[in-house]
Amino acid sequence: MEFQVFVPVPADRLREALADAVRVARAVPGLQQDAGAEPVAGRLKLRVGGHSVTYRGTLAVSARADGTYAVRGDGTESRGTGTVTLALTLSLAPTEGGTTVTVGGTAKADGRLAELPEEAVTTAANRLLSRTLETLAEAADQREESGESPEDDDTPEPTLDAETQETQETQAAIPDTVPDGLEVRAEPPAEAAHARRTMIGRSAEEVDHAPPRGRYAPVPAPQTITANPVLRWAAPAAAVAVASAIVVARALRKRH
């Protein structure tokens, strides 16, 4: 395996990116990192023609004394027993407008990849490596334009939202102690409570317990009136007395 990739960034800037394992992991297309694992470790889906194989493994990039970089990788199929091993060498050569990276080395695979056409597997591997180098160079170029240094932390500092900040400012404005001569009442004075009841008519408690009015008022129950026994006998006697008086009056008129 041997091919070349041109990236439009200086060689020194690309070397800085290759020395950072975190930036290398971000540049690998489709790499799903495992939580708590090494920076360049996790699952990677490799597409070969109309097939796709998912591997779980690691990748390491180290600098050599002669200025080249050694790339070591190994992986195992997530749904099988097939394995793949990479042993590559990256050589960086400054060129006009950027850097030319020469990739050379060997790759061994068994399992599902061994069943696929060798030309298709080589093309897929070259495409993956080319996209990784291009993405790494693009990220390095953006970092240089923004003025960030490798020591800068990419994680932003936590900030308070507007409501929390306003609450803290309000609490800071309230004094912890009360000056001498100033009386603080936990409840409003009686005059203020009376004025408030006068303005609203009735308190909330009275409104809650007051019976409904108008069309929704309850119908009162009929009341039973029991007559006095004395009045019960006095009424007939009075009627008899009145009738007797009328008869006597008529008799006296006839005599005269």
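Residues numbered from 1 in each chain as written. Predicted model: local features only at pLDDT ≥ 70, side-chain atom pairs only at ≥ 80, totals over all residues. Heavy atoms only, no water.

## Some points on the overall build of the protein
Part 1 of the reasoning: The number of helices and strands found in the protein is eight helices and seven strands.
Part 2 of the reasoning: Expressed as a percentage of the 256 residues in the protein, the buried residues total 21%.
Part 3 of the reasoning: Relative to all contacts within the protein whose residues are 6 or more apart in sequence, the contacts with residues 24 or more apart total 45%.
Part 4 of the reasoning: Carbon and sulfur atoms form 54% of the exposed surface of the protein, whose accessible area is close to 19400 Å². (Helix = DSSP H or I, 4+ residues; strand = E, 2+ residues; numbered from the N terminus. Buried < 20%, exposed > 50% of the residue type's maximum accessible area, 1.4 Å probe, protein only. Contact = heavy atoms within 4.5 Å. Areas by Shrake-Rupley, 256 points an atom, 1.4 Å probe, with all protein chains shown as cover.)

## Description of the confidence of the model for the protein
Do not read the fine detail of predicted coordinates wherever pLDDT is low.
Part 1 of the reasoning: Here the protein averages 76 in pLDDT, while 63% of its residues score no lower than 70.
Part 2 of the reasoning: Confidence drops under pLDDT 50 across residues 153-165; counting only partners more than four residues distant or on other chains, this segment forms four contacts. (pLDDT = per-residue confidence, 0-100.)

## Overview of the nonpolar core
Part 1 of the reasoning: Grouped together as the largest cluster of nonpolar side chains are 24 residues, with contacts concentrated most on Leu 14, Leu 90 and Val 101.
Part 2 of the reasoning: Mapped by element, the contributors of at least two residues to this core are strand S1 (2-7), helix H1 (11-18), helix H2 (21-27), strand S5 (69-77), strand S6 (83-95), strand S7 (98-109) and helix H4 (118-146).
Part 3 of the reasoning: The dominant element in this core, judged by the number of residues it contributes, is H4, at four residues.
Part 4 of the reasoning: Beyond its immediate sequence surroundings of up to four residues, Val 101 is in contact with Phe 3, Gln 4, Val 5, Val 7, Leu 14, Leu 90, Ser 91, Leu 92 and Leu 133. (Core = buried A, V, L, I, M, F, W, Y, C linked by side-chain atoms within 4.5 Å.)

## Focus on the sheet that holds strand S4 (residues 51-63)
Part 1 of the reasoning: Here seven strands make up an open sheet; going across it, the order is S1-S7-S6-S5-S4-S3-S2 and the pairing antiparallel. The sheet is open, and its two edges are formed by S1 and strand S2 (32-33), each paired on a single side.
Part 2 of the reasoning: As paired strands, S2 and strand S3 (residues 41-48) are joined by two bridges and run antiparallel to one another. Looking at S3, one finds that Gln 33 is bridged to Gly 42.
Part 3 of the reasoning: Across the sheet, H1 lies against S1, S4, S5, S6 and S7, angled at about 155° from S6, the strand it touches most. (Pairing = 2+ DSSP bridges. Axes fitted to C-alpha atoms, helices over the stretch in contact; angles between N-to-C directions.)

## Digging into the environment of Gly 80
Part 1 of the reasoning: Within the secondary structure, Gly 80 is located in the loop between S5 and S6.
Part 2 of the reasoning: Along the sequence, Gly 80 and Thr 54 sit 26 residues apart, while their C-alpha atoms lie 9.5 Å from each other.

## Focus on the pairing of S3
Part 1 of the reasoning: By the bridge criterion, eight bridges tie S3 to S4 in an arrangement that is antiparallel. Paired with Arg 47 across the strands is Ser 52, a residue of S4.
Part 2 of the reasoning: Turn length for the S3-S4 hairpin, with the two strands adjacent in sequence and antiparallel, is two residues, and the turn residue Gly 49 shows positive phi of about 65°.

## Describing the side chain of Ser 130
Part 1 of the reasoning: For Ser 130, the position within the fold is in helix H4.
Part 2 of the reasoning: Accessibility expressed as a relative area gives 16% for Ser 130, which makes it buried.
Part 3 of the reasoning: If near-sequence neighbours (up to four positions away) are discounted, Ser 130 is found in contact with Phe 3 and Val 5.

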